[in-house]
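# Descriptive analysis of the structure
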Amino acid sequence: MGMADACACDRLAEDKLLLNLQKLYSRKPIFANFASMKPTKFFACLFAAWFTLCLCCCDDRPSYKARLSAIDSIADTDAPLALAMLDSLKPHMAGATEADRNFYSLMRVKAEDKAFVTHKTDTLMLRLVDYYETDGDKALLPTAYYYSGRVYSDMNDGKRALQYFQKAVEMIDSSSTLYSAAYSQIGYLFLYQGIYDKGVVAFLRAYKQYKHAGNKLGVAGALCGMAYCRQRQGSELQALRYFKQAMTLVRGTGNKSYEADIIGQIANCYYNIGNYQAALKCARRALNGVDSINARGIYAIAADIYDKIGKKDTAVLLNEKLFALDDVYAKQTAGKWLGHYYLDKDVVKATAYIDEYNKYSDSIHSIIQTEKIAQIDAMYNYSLRETENIRLKSE
């Protein structure tokens, strides 16, 4: 058997081992206590051992596509594990092909996004989009567009984020998970810009596709998006119904962070319709489940409720926690409240908080691009109509 044949056999063995790894991962709870390791650590170690074995099987440059494709799937359900697996691959990327290096970079952006890592720069995504638009695998171009949109959302550039999400949905089938995710992101862009009717339409598209696919968390997210829009349009009871439907779905998935987040929103609805007892009960439940992901919403809602029912000491504590978060909206909201609270108690503190409120208000004003977002959406819809007219004329 020659070297090429040996390598082919070895790669076949790698593929079989990869398949077994994925099967093991799907049964993760069975191994949760293996050697006292957490599941993520155990599977990261397993992946590293498997990968090292693969490298020893053949001395020519290996292909990483199958391994990166496995990480792609795992990132959807366990981002920390996907990042650990990518870390195991990182030392070998210098010797990889250009296609594998770019695929690796794209998967790292995806895994970081799934792990709620905030992206601060678009440099990498600009390079990846250029590569996939010109030389790369065109099947990955919609993914590159989608995560460009996510990066620009992190950077508070709604105009460019919308353009990339629209590019993504143009290229993919409506049955794709990416299609639903892109429309959900478009919904949030419209929501944050105050374009609520268009937000509802986008969330409804995401809802239908997520429901068709049986994706409970996706359906819940779309319901929450529609609830936020309706709430801002003054339909508090309709928003409450959507949040309760979302809560039922999320509770069945075991996602405690998301469950606490929605409980906080339900507390807000109860408060707005005057049911203060139910609002306080839900706020306390939400605070018991606060974490780094849901903290902004829960702290802001709970602080407002405790303030309005006269429990100022608790409201101060919650607003201080809110202000400490690395989030411009959190700092603006808490800065305003704390500034007014300290006016007759500590002028120095009050002035500092009001200055911070003004600073972050300016930042938020620069983020809001309602007219630009609406113009881009109008141009996009016009382009779609023109494309359809051209198609009909050619038939």
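Keep in mind that what you see is a predicted model, and the values were worked out from it rather than measured.

## Observations regarding the packing of aromatic side chains
- Overall, the coordinates contain 15 aromatic pairs when judged by the stated rule.
- Pairing Tyr 146 with Tyr 147 gives two aromatic rings, centres 4.8 Å apart and planes at 90°, and the pair type is edge-to-face.
- The class of Tyr 146 is buried, set by a relative accessible area of 6%.
- One aromatic cluster is present, formed by Tyr 188, Tyr 192, Phe 203, Tyr 228 and Phe 243 through successive ring pairs.
- Between the NZ or CZ atom of Lys 345 and the centre of the ring of Tyr 341, over which it lies, the distance is 4.1 Å.

## Re the nonpolar core
- One finds Tyr 132, Phe 243 and Ile 262 to be the most contacted residues of the largest nonpolar core, which totals 108 residues.
- Per-element tally for this core: the top contributor is helix α9 (residues 177-192), with ten residues.
- Apart from the residues lying within four places of it in its own chain, the contact partners of Tyr 132 are Ala 99, Asn 102, Phe 103, Leu 106, Asp 137, Lys 138, Leu 140, Leu 141 and Ala 144.

## Structural notes on the packing of helix α8 (residues 158-171) against α9
- Axis separation between α8 and α9 bottoms out at 9 Å; the angle between their running directions is 155°. By the angle class used here, α8 and α9 are roughly antiparallel. As α8 packs across α9, the resulting crossing turns out to be left-handed. Contacts between α8 and α9 pair Gly 158, Ala 161, Leu 162, Phe 165, Gln 166 and Val 169 from the former with Tyr 179, Ala 182, Tyr 183, Gln 185, Ile 186, Leu 189 and Phe 190 from the latter.
- Of the residues assigned to the contact of α8 with α9, the class counts are ten nonpolar, three polar and no charged.

## Considerations on the confidence of the model for the chain
- With 77% of its residues at a pLDDT of 70 or more, the chain shows a mean pLDDT of 83.
- Looking over the chain, one finds the lowest element-wise mean pLDDT in helix α1 (residues 3-26), namely 46, and the highest in helix α6 (residues 123-134), namely 97.
- Ignoring residues within four places in sequence, the model shows residues 23-38, a span with pLDDT below 50, making 19 contacts including any to other chains.
- Under a pLDDT of 50 for its full length, residues 379-395 has, in the predicted model, four contacts with residues more than four places off or in other chains.

Parameters and conventions
- Residues numbered from 1 in each chain as written.
- Predicted model: local features only at pLDDT ≥ 70, side-chain atom pairs only at ≥ 80, totals over all residues.
- Heavy atoms only, no water.
- Phe/Tyr/Trp six-rings, centres within 6.5 Å; stacked < 30°, edge-to-face > 60°.
- Buried < 20%, exposed > 50% of the residue type's maximum accessible area, 1.4 Å probe, protein only.
- Lys NZ or Arg CZ within 6 Å of the ring centre and 35° of its normal.
- Core = buried A, V, L, I, M, F, W, Y, C linked by side-chain atoms within 4.5 Å.
- Helix = DSSP H or I, 4+ residues; strand = E, 2+ residues; numbered from the N terminus.
- Contact = heavy atoms within 4.5 Å.
- Axes fitted to C-alpha atoms, helices over the stretch in contact; angles between N-to-C directions.
- Parallel < 35°, antiparallel > 145°, perpendicular 65-115°, else oblique.
- Left-handed = near helix turned anticlockwise from the far one by under 90°.
- Nonpolar A, V, L, I, M, F, W, Y, C, P; charged D, E, K, R; others polar.
- pLDDT = per-residue confidence, 0-100.

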